[in-house]
Amino acid sequence: MSGIYFYNTETNRKEEFVSIEPDHVRMYTCGPTVYDFAHIGNYRAYLFEDVLRRYLKYRGYKVTHVMNLTDVEDKIIRKSQEQNCTIFDVTKTYEAAFFEDLDSLCIERAEHYPKATDHVPEMIDLIKKLQEKGMTYEKDGSIYYRVNMFKDYGRLSGNRPETVQAGARIDADEYEKEEATDFVLWKSRKEGEHFWQTELGEGRPGWHIECSAMAMKLLGSHFDIHCGGEDNIFPHHENEIAQSEGATGERYVNYWLHCRHLLVDGEKMSKSKGNFYTLRDLMNKGFHPMAIRFFIVASHYRTPVNLTMEGLHAAHASWSRIMDFHGRLKEIMQNDAEGRRSDNLDEERTQCLQRFKEHMDDDLDAPRAVAAVFDFIREANKIMDEGPIAKIQAQEILEALSQIDSVLGVIVEEEFILDEEIERLIQERHEARKNKEFAKADAIRDQLTEQGIILEDTRDGVRWKRR
Ligand code: AMP
Ligand code: ZN
(Lines give C-alpha, C1' and ligand atoms only; values in the text may rest on other atoms or scores of the structure.)
(Ligands and ions follow the chains in the order given, each with its own letter.)
Protein backbone atom coordinates (compact mmCIF):
# COMPACT_ATOMS: atom_id res chain seq x y z
CA MET A 1 0.00 0.00 0.00
CA SER A 2 1.41 3.34 -1.00
CA GLY A 3 -0.34 5.68 1.45
CA ILE A 4 -0.91 8.05 -1.49
CA TYR A 5 -4.51 8.97 -2.27
CA PHE A 6 -5.81 10.40 -5.53
CA TYR A 7 -9.25 11.61 -6.42
CA ASN A 8 -10.36 9.36 -9.25
CA THR A 9 -12.79 11.07 -11.62
CA GLU A 10 -14.19 7.67 -12.55
CA THR A 11 -15.33 6.77 -9.04
CA ASN A 12 -15.76 10.33 -7.73
CA ARG A 13 -13.77 9.63 -4.60
CA LYS A 14 -10.27 9.54 -3.22
CA GLU A 15 -8.68 6.13 -3.59
CA GLU A 16 -5.40 4.75 -2.37
CA PHE A 17 -2.98 4.53 -5.25
CA VAL A 18 -1.69 1.06 -6.08
CA SER A 19 0.48 0.74 -9.17
CA ILE A 20 0.00 -2.20 -11.53
CA GLU A 21 3.72 -3.04 -11.51
CA PRO A 22 5.48 -2.61 -8.18
CA ASP A 23 7.46 0.66 -7.97
CA HIS A 24 6.69 1.66 -11.56
CA VAL A 25 3.97 4.08 -12.67
CA ARG A 26 2.84 4.32 -16.26
CA MET A 27 0.96 7.52 -17.01
CA TYR A 28 -0.46 9.29 -20.03
CA THR A 29 -1.33 12.97 -20.25
CA CYS A 30 -3.05 14.71 -23.16
CA GLY A 31 -0.64 17.16 -24.73
CA PRO A 32 -0.91 20.27 -26.87
CA THR A 33 -2.36 20.76 -30.30
CA VAL A 34 0.62 22.50 -31.85
CA TYR A 35 -1.11 25.11 -34.00
CA ASP A 36 -0.28 28.15 -31.87
CA PHE A 37 1.43 29.10 -28.60
CA ALA A 38 -0.06 27.25 -25.63
CA HIS A 39 -1.74 29.52 -23.06
CA ILE A 40 -1.28 29.57 -19.31
CA GLY A 41 -4.51 27.56 -18.90
CA ASN A 42 -2.87 24.71 -20.82
CA TYR A 43 0.17 25.09 -18.61
CA ARG A 44 -1.99 24.70 -15.55
CA ALA A 45 -2.72 21.17 -16.79
CA TYR A 46 0.91 20.48 -17.67
CA LEU A 47 2.14 21.87 -14.34
CA PHE A 48 -0.32 19.74 -12.39
CA GLU A 49 0.91 16.70 -14.31
CA ASP A 50 4.52 17.75 -13.71
CA VAL A 51 3.95 17.94 -9.94
CA LEU A 52 2.19 14.57 -10.08
CA ARG A 53 5.10 12.86 -11.85
CA ARG A 54 7.64 14.59 -9.62
CA TYR A 55 5.74 13.52 -6.50
CA LEU A 56 5.52 9.91 -7.65
CA LYS A 57 9.29 9.99 -8.11
CA TYR A 58 9.70 11.62 -4.68
CA ARG A 59 7.81 8.65 -3.26
CA GLY A 60 10.20 6.24 -4.91
CA TYR A 61 8.43 5.24 -8.13
CA LYS A 62 9.99 4.97 -11.50
CA VAL A 63 7.71 6.92 -13.83
CA THR A 64 7.07 6.32 -17.52
CA HIS A 65 5.17 9.33 -18.69
CA VAL A 66 3.80 9.80 -22.20
CA MET A 67 2.47 13.11 -23.51
CA ASN A 68 1.20 13.25 -27.06
CA LEU A 69 1.63 16.09 -29.51
CA THR A 70 -1.46 16.54 -31.67
CA ASP A 71 0.06 17.57 -34.98
CA VAL A 72 -2.79 16.90 -37.38
CA GLU A 73 -6.16 18.44 -36.62
CA ASP A 74 -8.74 20.86 -38.05
CA LYS A 75 -7.11 24.03 -36.68
CA ILE A 76 -3.67 23.01 -37.92
CA ILE A 77 -5.06 22.25 -41.36
CA ARG A 78 -6.91 25.58 -41.48
CA LYS A 79 -3.75 27.48 -40.54
CA SER A 80 -1.66 25.63 -43.13
CA GLN A 81 -4.27 26.50 -45.78
CA GLU A 82 -4.30 30.18 -44.73
CA GLN A 83 -0.51 30.33 -44.81
CA ASN A 84 -0.21 28.21 -47.92
CA CYS A 85 2.25 25.81 -46.31
CA THR A 86 2.26 22.21 -45.09
CA ILE A 87 0.90 21.15 -41.71
CA PHE A 88 4.49 20.31 -40.74
CA ASP A 89 5.59 23.90 -41.35
CA VAL A 90 2.92 25.01 -38.89
CA THR A 91 3.57 22.41 -36.22
CA LYS A 92 7.38 22.69 -36.29
CA THR A 93 7.29 26.27 -35.00
CA TYR A 94 4.83 25.65 -32.18
CA GLU A 95 6.40 22.41 -31.10
CA ALA A 96 9.69 24.25 -30.58
CA ALA A 97 7.87 27.01 -28.68
CA PHE A 98 6.17 24.39 -26.50
CA PHE A 99 9.47 22.81 -25.44
CA GLU A 100 10.95 26.25 -24.76
CA ASP A 101 8.02 27.04 -22.49
CA LEU A 102 8.42 23.72 -20.67
CA ASP A 103 12.01 24.67 -19.92
CA SER A 104 11.09 28.19 -18.79
CA LEU A 105 8.53 26.71 -16.40
CA CYS A 106 10.94 23.98 -15.22
CA ILE A 107 8.51 21.29 -16.35
CA GLU A 108 10.38 18.01 -16.43
CA ARG A 109 10.48 16.21 -19.72
CA ALA A 110 8.16 13.23 -20.08
CA GLU A 111 9.77 9.99 -21.23
CA HIS A 112 7.95 10.09 -24.58
CA TYR A 113 6.36 12.79 -26.75
CA PRO A 114 4.76 10.78 -29.57
CA LYS A 115 3.32 12.66 -32.52
CA ALA A 116 0.03 11.71 -34.07
CA THR A 117 1.43 11.85 -37.61
CA ASP A 118 4.02 9.21 -36.69
CA HIS A 119 1.37 6.77 -35.46
CA VAL A 120 -1.22 6.54 -38.20
CA PRO A 121 -0.58 2.77 -38.74
CA GLU A 122 -1.28 2.08 -35.05
CA MET A 123 -4.52 4.07 -35.31
CA ILE A 124 -5.55 2.10 -38.39
CA ASP A 125 -4.92 -1.18 -36.55
CA LEU A 126 -7.09 -0.05 -33.69
CA ILE A 127 -9.90 1.05 -36.00
CA LYS A 128 -9.69 -2.31 -37.79
CA LYS A 129 -10.08 -4.15 -34.49
CA LEU A 130 -13.19 -2.11 -33.76
CA GLN A 131 -14.49 -2.83 -37.25
CA GLU A 132 -13.99 -6.57 -36.74
CA LYS A 133 -16.07 -6.37 -33.58
CA GLY A 134 -18.86 -4.56 -35.40
CA MET A 135 -18.49 -1.42 -33.32
CA THR A 136 -18.19 0.98 -36.25
CA TYR A 137 -20.10 2.17 -39.30
CA GLU A 138 -19.09 4.01 -42.40
CA LYS A 139 -20.63 7.04 -44.10
CA ASP A 140 -19.19 8.82 -47.12
CA GLY A 141 -15.77 7.27 -46.51
CA SER A 142 -15.61 8.32 -42.85
CA ILE A 143 -15.72 5.74 -40.07
CA TYR A 144 -17.67 6.26 -36.85
CA TYR A 145 -17.75 4.56 -33.47
CA ARG A 146 -21.19 3.20 -32.62
CA VAL A 147 -21.39 4.13 -28.98
CA ASN A 148 -24.45 1.96 -28.26
CA MET A 149 -22.22 -1.07 -28.80
CA PHE A 150 -20.13 -0.24 -25.74
CA LYS A 151 -22.25 -0.98 -22.71
CA ASP A 152 -20.00 0.91 -20.28
CA TYR A 153 -20.20 4.21 -22.15
CA GLY A 154 -20.61 7.00 -19.61
CA ARG A 155 -18.64 5.27 -16.86
CA LEU A 156 -16.21 8.20 -16.56
CA SER A 157 -18.35 11.25 -17.21
CA GLY A 158 -21.82 9.99 -16.38
CA ASN A 159 -22.97 10.91 -19.90
CA ARG A 160 -24.91 7.83 -20.98
CA PRO A 161 -25.84 7.72 -24.68
CA GLU A 162 -29.56 7.86 -23.92
CA THR A 163 -29.18 11.07 -21.90
CA VAL A 164 -27.18 12.97 -24.48
CA GLN A 165 -29.62 14.91 -26.64
CA ALA A 166 -29.79 14.07 -30.29
CA GLY A 167 -27.97 16.68 -32.34
CA ALA A 168 -26.22 18.12 -29.29
CA ARG A 169 -22.87 19.63 -30.22
CA ILE A 170 -20.58 17.61 -28.07
CA ASP A 171 -17.73 17.00 -30.38
CA ALA A 172 -15.61 19.36 -32.41
CA ASP A 173 -15.40 16.64 -35.06
CA GLU A 174 -18.56 17.65 -36.89
CA TYR A 175 -19.28 14.94 -39.39
CA GLU A 176 -22.55 13.18 -40.19
CA LYS A 177 -23.22 10.62 -37.51
CA GLU A 178 -26.21 8.53 -36.51
CA GLU A 179 -26.32 9.28 -32.79
CA ALA A 180 -25.25 12.34 -30.84
CA THR A 181 -22.63 10.46 -28.86
CA ASP A 182 -21.17 8.60 -31.85
CA PHE A 183 -17.83 10.00 -32.89
CA VAL A 184 -15.56 9.90 -35.84
CA LEU A 185 -12.56 7.53 -35.90
CA TRP A 186 -11.46 8.18 -39.46
CA LYS A 187 -12.24 11.27 -41.54
CA SER A 188 -12.50 10.84 -45.28
CA ARG A 189 -10.30 13.03 -47.44
CA LYS A 190 -11.52 16.54 -48.14
CA GLU A 191 -10.21 18.70 -50.95
CA GLY A 192 -7.02 20.55 -49.99
CA GLU A 193 -6.55 18.72 -46.69
CA HIS A 194 -3.58 16.66 -45.61
CA PHE A 195 -4.43 12.95 -45.99
CA TRP A 196 -3.00 9.44 -45.77
CA GLN A 197 -3.51 6.72 -48.34
CA THR A 198 -4.49 3.68 -46.22
CA GLU A 199 -6.42 0.43 -46.14
CA LEU A 200 -9.32 2.45 -44.73
CA GLY A 201 -9.21 4.73 -47.75
CA GLU A 202 -7.85 8.23 -48.12
CA GLY A 203 -8.23 10.42 -45.09
CA ARG A 204 -6.91 11.22 -41.66
CA PRO A 205 -7.54 10.07 -38.10
CA GLY A 206 -10.01 11.65 -35.66
CA TRP A 207 -8.62 13.24 -32.52
CA HIS A 208 -9.74 10.68 -29.93
CA ILE A 209 -8.21 7.65 -31.64
CA GLU A 210 -4.76 9.27 -31.49
CA CYS A 211 -4.55 9.13 -27.73
CA SER A 212 -5.82 5.54 -27.45
CA ALA A 213 -3.36 4.32 -30.09
CA MET A 214 -0.30 6.11 -28.75
CA ALA A 215 -1.05 5.42 -25.09
CA MET A 216 -1.49 1.69 -25.68
CA LYS A 217 1.54 1.48 -27.93
CA LEU A 218 3.88 3.04 -25.37
CA LEU A 219 2.28 2.05 -22.08
CA GLY A 220 0.44 -1.18 -22.85
CA SER A 221 -3.31 -1.75 -23.04
CA HIS A 222 -3.76 -1.32 -19.27
CA PHE A 223 -1.87 1.37 -17.38
CA ASP A 224 -2.02 3.33 -14.14
CA ILE A 225 -2.87 7.00 -14.59
CA HIS A 226 -4.42 9.17 -17.28
CA CYS A 227 -4.67 12.94 -16.84
CA GLY A 228 -5.89 16.08 -18.52
CA GLY A 229 -7.86 19.24 -17.83
CA GLU A 230 -11.50 18.85 -16.81
CA ASP A 231 -12.69 19.65 -20.34
CA ASN A 232 -11.03 16.40 -21.47
CA ILE A 233 -13.37 14.24 -19.36
CA PHE A 234 -16.15 14.33 -21.93
CA PRO A 235 -16.16 13.49 -24.70
CA HIS A 236 -12.40 12.93 -25.18
CA HIS A 237 -11.57 10.57 -22.32
CA GLU A 238 -14.95 8.87 -22.35
CA ASN A 239 -14.31 8.10 -26.02
CA GLU A 240 -10.78 6.90 -25.32
CA ILE A 241 -12.19 4.33 -22.89
CA ALA A 242 -14.80 3.23 -25.43
CA GLN A 243 -12.22 2.82 -28.21
CA SER A 244 -9.52 1.15 -26.13
CA GLU A 245 -11.67 -1.20 -24.06
CA GLY A 246 -13.93 -1.82 -27.05
CA ALA A 247 -10.92 -3.06 -28.99
CA THR A 248 -9.03 -4.97 -26.29
CA GLY A 249 -11.80 -6.10 -23.95
CA GLU A 250 -9.44 -5.15 -21.11
CA ARG A 251 -9.56 -2.34 -18.56
CA TYR A 252 -7.76 0.68 -19.99
CA VAL A 253 -6.82 2.96 -17.06
CA ASN A 254 -7.01 2.59 -13.27
CA TYR A 255 -6.92 6.24 -12.11
CA TRP A 256 -8.30 9.22 -14.01
CA LEU A 257 -7.05 12.57 -12.66
CA HIS A 258 -8.28 15.89 -14.00
CA CYS A 259 -7.37 19.43 -13.02
CA ARG A 260 -9.96 22.17 -12.84
CA HIS A 261 -9.64 25.08 -15.20
CA LEU A 262 -7.61 28.20 -14.95
CA LEU A 263 -10.12 31.03 -15.21
CA VAL A 264 -10.08 34.65 -16.24
CA ASP A 265 -12.91 36.70 -14.69
CA GLY A 266 -14.59 33.46 -13.75
CA GLU A 267 -14.50 31.98 -17.26
CA LYS A 268 -12.30 29.20 -18.62
CA MET A 269 -9.17 30.62 -20.22
CA SER A 270 -9.30 29.53 -23.84
CA LYS A 271 -8.17 30.48 -27.30
CA SER A 272 -11.72 30.61 -28.63
CA LYS A 273 -12.88 33.09 -25.96
CA GLY A 274 -9.84 35.27 -26.61
CA ASN A 275 -9.31 35.69 -22.84
CA PHE A 276 -5.91 34.07 -22.73
CA TYR A 277 -2.32 34.88 -21.85
CA THR A 278 0.62 32.94 -23.17
CA LEU A 279 3.67 32.42 -20.99
CA ARG A 280 5.47 34.97 -23.17
CA ASP A 281 2.70 37.56 -22.55
CA LEU A 282 3.17 37.24 -18.80
CA MET A 283 6.96 37.27 -19.00
CA ASN A 284 6.76 40.41 -21.12
CA LYS A 285 4.73 41.97 -18.32
CA GLY A 286 7.76 41.34 -16.10
CA PHE A 287 6.67 38.19 -14.27
CA HIS A 288 9.41 35.71 -13.54
CA PRO A 289 8.49 32.25 -14.91
CA MET A 290 9.13 30.77 -11.47
CA ALA A 291 6.61 33.14 -9.90
CA ILE A 292 4.10 31.99 -12.54
CA ARG A 293 4.96 28.37 -11.79
CA PHE A 294 4.58 29.00 -8.08
CA PHE A 295 1.18 30.67 -8.63
CA ILE A 296 -0.09 27.49 -10.27
CA VAL A 297 1.63 24.71 -8.34
CA ALA A 298 0.76 26.22 -4.95
CA SER A 299 -2.96 25.98 -5.76
CA HIS A 300 -4.92 22.76 -5.46
CA TYR A 301 -5.28 21.11 -8.84
CA ARG A 302 -8.95 20.40 -8.14
CA THR A 303 -9.83 24.01 -7.34
CA PRO A 304 -10.63 26.43 -10.13
CA VAL A 305 -8.12 29.28 -10.04
CA ASN A 306 -8.73 32.80 -11.26
CA LEU A 307 -5.70 34.37 -12.91
CA THR A 308 -5.21 37.97 -11.82
CA MET A 309 -2.20 40.27 -11.86
CA GLU A 310 -2.59 40.75 -8.07
CA GLY A 311 -2.50 36.98 -7.65
CA LEU A 312 0.70 36.79 -9.69
CA HIS A 313 2.29 39.61 -7.67
CA ALA A 314 1.37 37.81 -4.43
CA ALA A 315 2.84 34.59 -5.84
CA HIS A 316 6.02 36.46 -6.71
CA ALA A 317 6.28 37.72 -3.12
CA SER A 318 5.79 34.20 -1.71
CA TRP A 319 8.26 32.68 -4.12
CA SER A 320 10.79 35.39 -3.18
CA ARG A 321 10.46 34.38 0.48
CA ILE A 322 11.53 30.86 -0.42
CA MET A 323 14.39 32.20 -2.52
CA ASP A 324 15.53 34.60 0.23
CA PHE A 325 15.53 31.76 2.75
CA HIS A 326 17.50 29.59 0.35
CA GLY A 327 19.94 32.47 -0.21
CA ARG A 328 20.35 32.99 3.52
CA LEU A 329 21.32 29.33 3.99
CA LYS A 330 23.74 29.49 1.06
CA GLU A 331 25.40 32.50 2.65
CA ILE A 332 25.86 30.63 5.91
CA MET A 333 27.60 27.89 3.95
CA GLN A 334 30.01 30.43 2.50
CA ASN A 335 30.75 32.25 5.78
CA ASP A 336 33.88 31.47 7.69
CA ALA A 337 32.20 31.82 11.09
CA GLU A 338 30.89 28.63 12.68
CA GLY A 339 27.56 28.93 14.56
CA ARG A 340 25.64 26.78 17.02
CA ARG A 341 23.42 23.78 16.41
CA SER A 342 19.76 24.31 17.32
CA ASP A 343 17.72 21.25 18.37
CA ASN A 344 14.52 23.20 17.74
CA LEU A 345 15.55 23.76 14.19
CA ASP A 346 16.13 20.02 13.71
CA GLU A 347 12.67 19.34 15.05
CA GLU A 348 11.10 21.99 12.78
CA ARG A 349 12.87 20.57 9.72
CA THR A 350 11.72 17.01 10.42
CA GLN A 351 8.16 18.20 10.98
CA CYS A 352 8.17 20.22 7.79
CA LEU A 353 9.18 17.18 5.73
CA GLN A 354 6.58 15.03 7.47
CA ARG A 355 3.77 17.52 6.92
CA PHE A 356 4.80 18.07 3.32
CA LYS A 357 4.50 14.35 2.62
CA GLU A 358 1.29 13.96 4.58
CA HIS A 359 -0.44 16.72 2.59
CA MET A 360 0.93 15.68 -0.79
CA ASP A 361 -0.14 12.10 -0.07
CA ASP A 362 -3.66 13.46 0.38
CA ASP A 363 -4.51 13.99 -3.28
CA LEU A 364 -1.58 16.38 -3.89
CA ASP A 365 -2.81 18.99 -1.41
CA ALA A 366 -0.21 21.56 -2.43
CA PRO A 367 -1.71 24.55 -0.57
CA ARG A 368 -1.30 22.73 2.75
CA ALA A 369 2.07 21.28 1.80
CA VAL A 370 3.33 24.75 0.84
CA ALA A 371 1.90 26.21 4.06
CA ALA A 372 4.01 23.69 5.99
CA VAL A 373 7.08 24.97 4.15
CA PHE A 374 6.26 28.59 4.99
CA ASP A 375 5.66 27.72 8.66
CA PHE A 376 9.09 26.17 8.70
CA ILE A 377 10.71 29.16 6.98
CA ARG A 378 9.16 31.51 9.54
CA GLU A 379 10.36 29.46 12.52
CA ALA A 380 13.81 28.87 11.04
CA ASN A 381 14.26 32.57 10.28
CA LYS A 382 13.38 33.36 13.91
CA ILE A 383 15.96 30.88 15.18
CA MET A 384 18.59 32.21 12.77
CA ASP A 385 17.81 35.80 13.85
CA GLU A 386 18.83 34.81 17.37
CA GLY A 387 22.35 33.98 16.24
CA PRO A 388 24.26 32.09 13.54
CA ILE A 389 23.58 28.37 13.11
CA ALA A 390 26.10 25.63 12.37
CA LYS A 391 27.06 25.08 8.75
CA ILE A 392 26.16 21.41 8.92
CA GLN A 393 22.67 22.40 10.00
CA ALA A 394 22.35 24.90 7.16
CA GLN A 395 23.46 22.11 4.85
CA GLU A 396 20.79 19.74 6.21
CA ILE A 397 18.10 22.34 5.72
CA LEU A 398 19.29 22.98 2.17
CA GLU A 399 19.01 19.23 1.55
CA ALA A 400 15.47 19.18 2.92
CA LEU A 401 14.57 22.18 0.75
CA SER A 402 16.08 20.46 -2.24
CA GLN A 403 13.94 17.35 -1.60
CA ILE A 404 10.81 19.49 -1.39
CA ASP A 405 11.87 21.38 -4.45
CA SER A 406 12.26 18.17 -6.42
CA VAL A 407 8.44 18.29 -6.32
CA LEU A 408 7.63 22.01 -6.40
CA GLY A 409 10.46 22.90 -8.79
CA VAL A 410 10.61 26.62 -7.95
CA ILE A 411 14.14 27.16 -6.61
CA VAL A 412 16.58 28.43 -9.18
CA GLU A 413 20.20 28.34 -8.12
CA GLU A 414 21.43 30.91 -10.56
CA GLU A 415 19.29 33.68 -9.08
CA PHE A 416 21.61 33.75 -6.17
CA ILE A 417 24.62 35.38 -7.58
CA LEU A 418 24.51 38.94 -6.30
CA ASP A 419 25.33 41.90 -8.53
CA GLU A 420 28.44 42.74 -6.46
CA GLU A 421 29.67 39.17 -6.75
CA ILE A 422 29.29 39.34 -10.54
CA GLU A 423 31.23 42.61 -10.66
CA ARG A 424 33.97 41.09 -8.49
CA LEU A 425 34.28 38.04 -10.79
CA ILE A 426 34.36 40.23 -13.89
CA GLN A 427 37.15 42.27 -12.34
CA GLU A 428 39.02 39.07 -11.46
CA ARG A 429 38.63 37.83 -15.03
CA HIS A 430 39.89 41.16 -16.32
CA GLU A 431 43.02 40.86 -14.13
CA ALA A 432 43.55 37.26 -15.27
CA ARG A 433 43.42 38.31 -18.92
CA LYS A 434 45.82 41.17 -18.33
CA ASN A 435 48.23 38.63 -16.81
CA LYS A 436 47.68 36.29 -19.76
CA GLU A 437 46.11 33.69 -17.45
CA PHE A 438 43.59 32.73 -20.10
CA ALA A 439 42.56 29.42 -18.61
CA LYS A 440 41.61 31.16 -15.40
CA ALA A 441 39.73 33.88 -17.30
CA ASP A 442 37.79 31.26 -19.24
CA ALA A 443 36.97 29.35 -16.07
CA ILE A 444 35.46 32.50 -14.55
CA ARG A 445 33.41 33.09 -17.67
CA ASP A 446 32.16 29.47 -17.56
CA GLN A 447 31.27 29.81 -13.91
CA LEU A 448 29.21 32.91 -14.67
CA THR A 449 27.54 31.25 -17.65
CA GLU A 450 26.56 28.33 -15.46
CA GLN A 451 24.87 30.78 -13.13
CA GLY A 452 22.93 32.32 -15.99
CA ILE A 453 25.15 35.39 -16.46
CA ILE A 454 26.07 36.27 -20.00
CA LEU A 455 29.16 38.39 -20.62
CA GLU A 456 29.67 40.60 -23.59
CA ASP A 457 33.10 42.07 -24.30
CA THR A 458 32.61 45.57 -25.73
CA ARG A 459 34.97 48.41 -26.52
CA ASP A 460 33.87 50.11 -23.31
CA GLY A 461 34.59 47.05 -21.20
CA VAL A 462 32.57 44.05 -20.19
CA ARG A 463 28.80 44.23 -20.06
CA TRP A 464 26.74 41.51 -18.42
CA LYS A 465 23.15 40.43 -18.33
CA ARG A 466 21.13 37.69 -16.72
CA ARG A 467 19.86 34.92 -18.97
P1 AMP B 1 -5.98 21.61 -25.84
O2 AMP B 1 -4.75 22.06 -26.60
O3 AMP B 1 -7.13 22.55 -25.83
O4 AMP B 1 -6.38 20.19 -26.20
O5 AMP B 1 -5.55 21.52 -24.29
C6 AMP B 1 -4.41 20.86 -23.84
C7 AMP B 1 -4.56 20.59 -22.36
O8 AMP B 1 -4.79 21.79 -21.62
C9 AMP B 1 -5.74 19.68 -22.03
O10 AMP B 1 -5.38 18.78 -21.00
C11 AMP B 1 -6.80 20.65 -21.55
O12 AMP B 1 -7.72 20.03 -20.70
C13 AMP B 1 -5.96 21.67 -20.82
N14 AMP B 1 -6.60 23.00 -20.71
C15 AMP B 1 -7.09 23.78 -21.70
N16 AMP B 1 -7.57 24.96 -21.21
C17 AMP B 1 -7.37 24.91 -19.86
C18 AMP B 1 -7.65 25.83 -18.78
N19 AMP B 1 -8.20 27.02 -18.97
N20 AMP B 1 -7.32 25.43 -17.52
C21 AMP B 1 -6.73 24.21 -17.31
N22 AMP B 1 -6.45 23.33 -18.27
C23 AMP B 1 -6.76 23.66 -19.53
ZN1 ZN C 1 -5.87 12.94 -25.40
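So, how was this worked out
Residues numbered from 1 in each chain as written. Chains lettered and ligands numbered in written order. Predicted model: local features only at pLDDT ≥ 70, side-chain atom pairs only at ≥ 80, totals over all residues. Heavy atoms only, no water. Buried < 20%, exposed > 50% of the residue type's maximum accessible area, 1.4 Å probe, protein only. Helix = DSSP H or I, 4+ residues; strand = E, 2+ residues; numbered from the N terminus. Right-handed = clockwise from strand over helix to strand, strands pointing away. Phe/Tyr/Trp six-rings, centres within 6.5 Å; stacked < 30°, edge-to-face > 60°. Core = buried A, V, L, I, M, F, W, Y, C linked by side-chain atoms within 4.5 Å. Domains from an automatic or database assignment. Contact = heavy atoms within 4.5 Å. Pairing = 2+ DSSP bridges. Axes fitted to C-alpha atoms, helices over the stretch in contact; angles between N-to-C directions. Donors = N, O, S within 2.8 Å, 3.2 Å for Na, K, Ca; no water. Expected span 1.5 Å × (residues − 1).

(A) Fine view of the pairing of strand 11 (residues 253-259). Strand 11 sits mainly inside the fold: seven of its seven residues count as buried. Handedness of the crossover is the feature at issue here: the chain leaves strand 10 (residues 223-229), passes through helix 6 (residues 233-248), returns alongside strand 11, and the resulting connection is right-handed.

(B) Examining the packing of aromatic side chains more closely. What the rule picks out here adds up to 18 aromatic pairs. An angle of 80 degrees between the planes, with centres 5.7 Å apart, marks the rings of Tyr46 and Phe98 as edge-to-face. Here Tyr46, found in helix 1 (residues 40-58), pairs with Phe98, found in helix 3 (residues 87-104); they are 52 residues apart in sequence, far enough to count as distant. In this pair, the class of Tyr46 matches that of Phe98, namely buried. Put simply, the rings of Tyr43, Tyr46, Phe98, Phe99 and Tyr113 pair up and form one aromatic cluster.

(C) Spotlight on the nonpolar core. Among the nonpolar cores identified, the biggest contains 83 residues, and Leu56 and Ile225 are the most heavily contacted of them. In this structure, this core is formed jointly by two domains, domain 1 (20-273) and domain 2 (329-408), each of which donates at least three residues. Those residues in contact with Ile225 that sit more than four places away from it in its chain are Phe6, Phe17, Val25, Arg26, Met27, Tyr28, Leu52, Leu56, Val253, Tyr255 and Leu257. Listed in part, the 48 residues of the second largest apolar core include Tyr35, Val120, Ile127 and Tyr252.

(D) The arrangement of the sheet that holds strand 3 (residues 24-29) in detail. Read across the sheet, four strands follow the order 4-3-10-11 without closing on themselves; strand pairing throughout is parallel. The open sheet is flanked by strand 4 (62-67) and strand 11, the only strands paired with a single partner. Put simply, the sheet's adjacent strands are angled 20 degrees from each other on average, direction ignored. Taken together, the six bridges between strand 10 and strand 11 define a ladder with parallel strand orientation. Across the sheet, the residue bridging to His226 is Trp256, located in strand 11.

(E) Region of the structure containing the coordination of the zinc ion (ligand 2). Every protein donor of the zinc ion (ligand 2) is listed here as Cys30 (SG), Cys211 (SG) and His236 (NE2), and their distances to the metal cover 2.1 to 2.2 Å. Read from N- to C-terminus, the donor residues coordinating the zinc ion (ligand 2) fall into the pattern C-x180-C-x24-H. One end of the pair, Cys30, is in the loop between strand 3 and helix 1; the other, His236, is in helix 6, and 206 residues separate them in sequence. Comparing Cys30 with His236 shows no difference in burial state: the two are buried.

(F) Here's a closer look at helix 6. Between its first and last C-alpha atoms helix 6 spans 21 Å; for 16 residues at 1.5 Å apiece the expected length is 22 Å, and the two agree. Burial analysis of helix 6 places 15 of its 16 residues in the buried class, which makes it a mostly covered element. Downstream of helix 6 by a residue or two, Gly249 has a phi angle that is positive, lying close to 75 degrees.

(G) Region of interest: unusual backbone geometry. Residue Pro235 is bonded to the preceding Phe234 through a cis peptide linkage, with omega at 5 degrees. Position of Pro235 relative to the elements: it lies in helix 6. A positive phi is found at Asp265, a non-glycine position, where the angle reads about 50 degrees. Within the secondary structure, Asp265 sits in the loop between strand 12 (262-264) and strand 13 (267-268). In this structure Asp265 comes out as exposed when scored by relative accessible area, which is 71%. One non-glycine residue, Lys436, lies in the positive phi region at around 60 degrees.

Without other data, these values stay purely geometric and don't point to any function.
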